[in-house]
Amino acid sequence: VKEHSTYMANYYRWYGVPEAPFGTPYYDLVAFLSNISATSVFMRIPTLIAAILTWFILSREILPRFGPVINDRRVAHWTAAFMFLAFWLPYNNGIRPEPIVAFGVIFTWASFERSIATSRMLPAAIGTIAATLTLTAGPTGLLAVGVFLVSLPALFSIFSRRKESVGGWLPLIASFLAVGTSVLALVFSDQTLATVLESTRVRSAVGPSLNWYDEYVRYTTLFEGSVDGSLTRRFAMFTMLFALALIVYAFIRDEKVLGTPKGPTQRLLIIMALSMFFLMFTPTKWTHHFGIYAGIAGVIAALGAVVLSQIAMRSTRARTFAVASVVMLMAISLA
């Protein structure tokens, strides 16, 4: 109803309050497409494009950052591909903002990794803009801000090396503040601060709105006999958590996954920790929000596959426990 209300209104659930500060510019794109055709396939074109771009960035930019032990192994690439599809098909095959957030997160991460690898500032500036745009797509876009925060220590080390050539800290910090706050022009292009606050107030009053300490509800819902706890959603999430546990085990044991650089793996683990923390502040505790992990889950699965193979090669007992763990994972998913 945007063409009649002149702003992106949520008339379906929250009495026409603005979607701001979220929904820009993705919902505007959906509104534009709906004026051409509202058929299911046509409306999902942005989601399809996001999926292709996410996989392209994941396979061409992120996996190479973890060294040849990951990038040169076909099993790692195939595992990443299947894990990516396991998340994308049940979670992101619609017109909700989660697919766009998943793409924005992986694009932001790739930009900062490129900046760290080359000591250039431009990729980091592009990544900052991508993080802010991802945040405006939906509240789960806070994950992209988490990627920005994780990359800050490495960026400051680049700043310290470049500050003399650009005239000190001020030009560097000011330029990043500029690109980071430029998104406010989009958010408040048709809204005021008062309407945004009113939108937040109505959402909290009407609900569903759970407190941050009720975050466990999102995970217990995976065990329910409903769409939120369906086999496909359960399998994807539990498999990612299983692979994440393997990476954490390897990191505690050897301070890295053997054969991979420490920095990217460390940033991956912190990104996952921050993402789970930021999800706590999403008032609606639905499992479809897990779609934001689609790109990151592919990386986690690739690393987890390598760790599992390293564990299984140690002894017959280790192989037995590895098989038993996978069987248990499948049993929980299929229960």
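None of the values given here were measured: they were computed from a predicted structure.

### Thoughts on the overall build of the protein
Reasoning step 1: On a plain count of helices and strands, the protein comes out with 17 helices and two strands.
Reasoning step 2: On C-alpha atoms alone, the protein measures out to a radius of gyration of 21 Å, which is about the 20 Å that the 2.2 N^0.38 rule sets for 335 residues.
Reasoning step 3: C-alpha extents for the protein along the principal axes are approximately 65 × 60 × 40 Å.
Reasoning step 4: Looking at the protein residue by residue over its 335 residues, the buried ones come to 47%.
Reasoning step 5: Taking the contacts inside the protein whose residues are at least 6 apart along the sequence as the reference set, 73% of them involve residues at least 24 apart.
Reasoning step 6: A total accessible area of about 16300 Å² is found for the protein, and carbon and sulfur atoms account for 70% of it.
Reasoning step 7: For the protein, the centre of its 26 positive side-chain charges and the centre of its 16 negative side-chain charges are spaced 10 Å apart.

### Description of the nonpolar core
Reasoning step 1: Formed by 76 residues in total, the largest nonpolar core has its most connected members in I70, F87, W109, Y293 and I300.
Reasoning step 2: In terms of residue count, helix α16 (residues 294-312) provides more of this core than any other element does, eleven residues in total.
Reasoning step 3: Residues in contact with I70, not counting those within four places in the same chain, are L63, A76, H77, T260, A302, L303 and V306.

### Topic: the side chain of K285
Reasoning step 1: Along the chain, K285 turns up in the loop between α15 (262-279) and α16.
Reasoning step 2: Judged by relative accessible area, which is 3%, K285 ranks as buried.
Reasoning step 3: Of note is the side chain of K285, whose polar atom sits 3.1 Å from the side chain of E215.
Reasoning step 4: Of the polar contacts made by the side chain of K285, one reaches the backbone oxygen of M280; its length is 2.5 Å.
Reasoning step 5: Apart from the residues within four sequence positions on either side, K285 is in contact with L210, N211, W212, D214, E215, V217, R218, T221, L279 and M280.

### Observations concerning the packing of helix α4 (residues 45-62) against α16
Reasoning step 1: Across the interface, α4 lies against α16 with an axial gap of 10 Å and an inter-helix angle of 35 degrees. In this structure, the crossing between α4 and α16 has a hand that is right-handed. Across the interface between the two elements, T54, L58 and I62 from α4 touch G295, G298 and V299 from α16.
Reasoning step 2: Taken together, the residues of the contact of α4 with α16 break down into three nonpolar, three polar and no charged.

### Comments concerning the environment of P261
Reasoning step 1: Locating P261 in the fold gives a position in the loop between α14 (231-254) and α15.
Reasoning step 2: The class for P261 is partly exposed, based on a relative accessible area of 35%.
Reasoning step 3: With 189 residues separating them in the primary sequence, P261 and D72 have C-alpha atoms 14 Å apart.
Reasoning step 4: Sequence-distant contacts of P261, defined by excluding residues within four places in its chain, comprise R65, F66 and G67.

Conventions used here
- Residues numbered from 1 in each chain as written.
- Predicted model: local features only at pLDDT ≥ 70, side-chain atom pairs only at ≥ 80, totals over all residues.
- Heavy atoms only, no water.
- Helix = DSSP H or I, 4+ residues; strand = E, 2+ residues; numbered from the N terminus.
- Rg over C-alpha atoms; globule rule 2.2 N^0.38 Å.
- Buried < 20%, exposed > 50% of the residue type's maximum accessible area, 1.4 Å probe, protein only.
- Contact = heavy atoms within 4.5 Å.
- Areas by Shrake-Rupley, 256 points an atom, 1.4 Å probe, with all protein chains shown as cover.
- Lys, Arg positive; Asp, Glu negative; His and termini not counted.
- Charge placed at Lys NZ, Arg CZ, Asp CG, Glu CD.
- Core = buried A, V, L, I, M, F, W, Y, C linked by side-chain atoms within 4.5 Å.
- Polar contact = N/O pair within 3.5 Å; in protein donor to acceptor, adjacent residues only side chain to side chain.
- Axes fitted to C-alpha atoms, helices over the stretch in contact; angles between N-to-C directions.
- Left-handed = near helix turned anticlockwise from the far one by under 90°.
- Nonpolar A, V, L, I, M, F, W, Y, C, P; charged D, E, K, R; others polar.

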